[in-house]
Amino acid sequence: MNNRTTQAAAFHTLHQDFAQPLLLANAWDVASARLVEIAGAPAIATTSAGVAWSLGHADGNALGREEAVAAVSRIAGAVTVPVTADIEAGYADDADGVEHTVDAVLEAGAVGINIEDGALPAAELMDRIGAARRAAGRAGVPMFINARTDVYLAGLVSPEQRFAETLHRAHRYLEAGADGVFVPGVGDADTIRALAEAIDGPLNVMVGPGSLTAAQLSELGVARVSVGSGMAQAAYEIARSAAMELLTAGTYGSLTPAVDYGELNSLF
């Protein structure tokens, strides 16, 4: 097996350790990815929001395919663990375009993707998942496709319909070729447990301050835990706070704590 195939197989296995969910501290550039790797992460996931912001774009399918893939290539080339790329809705207008995106993402070195519905009809994301699966099959890589549904996060339906609609979409996405289902925006234990029991595949949830712990989520049946854009947002808050402190008070306390210059330099 080539390295991508080996890494893809290893990435699949990380979703099958029922004693511990796969914990993903989402990175947005090479430095953040290297810091996550040396912290002991078994895989690197990108955050589309963090990547977009770092390249001067808003999140929400505003980033172009070439810039997105270039960022994935830089990250995958700098780490030794498997990389999964958040490709939003596929950086394309249709399923054929998604197939080209996934060709490029695989060539860049990623072995997994997140692809989301957002405002798209479920049938459209099914077509895009199928296109992604075809691209992976052509490349001979058992790529992990994580299908994200924004039913809860974006309030796509009324609150009383969200659980049923999420399950409906989850089942359809798995049938279309997805390996796992990502349901950001859900945080209460009862709903998470019910989703994990009803979805016939690894369940991914998004966490942040105040969320259930990884151990608690494991007990509920969650297989994958992501921080999404949270780390990028925290890093940018430090940049804002430090700038405001410097420009208003003329002091520098916000620069502590900081990664040592020599340690950062040694990552590359």
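For the structure itself, consult the block above.
Residues numbered from 1 in each chain as written. Predicted model: local features only at pLDDT ≥ 70, side-chain atom pairs only at ≥ 80, totals over all residues. Heavy atoms only, no water.

1. Quick notes on the overall build of the protein chain
(1) Moving on: The number of helices and strands found in the protein chain is 11 helices and eight strands.
(2) Moving on: The C-alpha atoms of the protein chain give 18 Å as radius of gyration, which agrees with the globular expectation for 268 residues (18 Å, within 12%).
(3) Moving on: Projecting the C-alpha coordinates of the protein chain onto the three principal axes gives extents of approximately 55 × 45 × 35 Å.
(4) Moving on: Within the protein chain, the proportion of its 268 residues that are buried is 47%.
(5) Moving on: Counting only contacts in the protein chain whose residues sit at least 6 apart along the sequence, the fraction spanning at least 24 positions is 68%.
(6) Moving on: One finds the centroid of the 15 positive side-chain charges in the protein chain at a distance of 3 Å from the centroid of its 32 negative side-chain charges. (Helix = DSSP H or I, 4+ residues; strand = E, 2+ residues; numbered from the N terminus. Rg over C-alpha atoms; globule rule 2.2 N^0.38 Å. Buried < 20%, exposed > 50% of the residue type's maximum accessible area, 1.4 Å probe, protein only. Contact = heavy atoms within 4.5 Å. Lys, Arg positive; Asp, Glu negative; His and termini not counted. Charge placed at Lys NZ, Arg CZ, Asp CG, Glu CD.)

2. Side note on the packing of helix α2 (residues 30–38) against helix α4 (residues 65–78)
(1) Moving on: Closest axis-to-axis distance for the α2/α4 pair is 9 Å, and the angle between their directions is 35°. In terms of crossing hand, the pair formed by α2 and α4 is right-handed. Residues Val30, Ala33, Arg34 and Glu37 of α2 pack against Arg74, Ile75 and Ala78 of α4.
(2) Moving on: Partitioning the contact of α2 with α4 into residue classes produces four nonpolar, no polar and three charged. (Axes fitted to C-alpha atoms, helices over the stretch in contact; angles between N-to-C directions. Left-handed = near helix turned anticlockwise from the far one by under 90°. Nonpolar A, V, L, I, M, F, W, Y, C, P; charged D, E, K, R; others polar.)

3. Considering the sheet that holds strand β1 (residues 22–24)
(1) Moving on: Pairing is parallel in the open sheet, where eight strands are placed in the order β1-β8-β7-β6-β5-β4-β3-β2. The open sheet is flanked by β1 and β2 (44–45), the only strands paired with a single partner.
(2) Moving on: Direction of pairing for β2 relative to strand β3 (residues 83–86): parallel, over a ladder of two bridges. Across the sheet, residue Ile44 finds its bridge partner in β3, namely Val83.
(3) Moving on: In the packing of helix α1 (residues 3–13) onto the sheet, the strands contacted are β1, β3, β4 (112–116), β5 (144–148) and β8 (224–226), and the crossing angle to β5 comes to about 50°. (Pairing = 2+ DSSP bridges.)

4. Side note on the packing of aromatic side chains
(1) Moving on: For the structure on display, the rule yields three aromatic pairs.
(2) Moving on: An angle of 85° between the planes, with centres 5.7 Å apart, marks the rings of Phe11 and Phe144 as edge-to-face. Placement of Phe11 in helix α1 and of Phe144 in strand β5 is noted, with a sequence separation of 133 residues between them. Taken as a pair, Phe11 and Phe144 share a single burial class, namely buried.
(3) Moving on: Counting every residue linked through ring pairs, the aromatic cluster contains Trp28, Trp53 and Tyr236. (Phe/Tyr/Trp six-rings, centres within 6.5 Å; stacked < 30°, edge-to-face > 60°.)

5. Re the layout of surface pockets
(1) Moving on: By volume, the largest pocket amounts to about 540 Å³.
(2) Moving on: Around the largest pocket, the lining is made up of 17 residues, and of these Trp28, Leu35, Ala235, Ile238 and Val259 lie nearest the centre.
(3) Moving on: Of all elements in the fold, only α2 and α10 (230–248) reach the threshold of two or more residues within the lining of the largest pocket.
(4) Moving on: At five residues, α10 tops the list of elements feeding residues into the lining of the largest pocket.
(5) Moving on: In terms of residue class, the lining of the largest pocket is built from 14 nonpolar, two polar and one charged.
(6) Moving on: Thr47, Ser48, Asp86, Arg148 and Gly228 are, among the 22 residues lining the second largest pocket, the residues nearest its centre. (1 Å grid on protein atoms, 1.4 Å probe; cavity = no way out; pocket = protein on both sides within 12 Å on 5 of 7 lines; lining within 4 Å. Points joined across faces, edges and corners; volume = space filled by probe spheres on them.)

The values are spatial; any link to function lies outside them.
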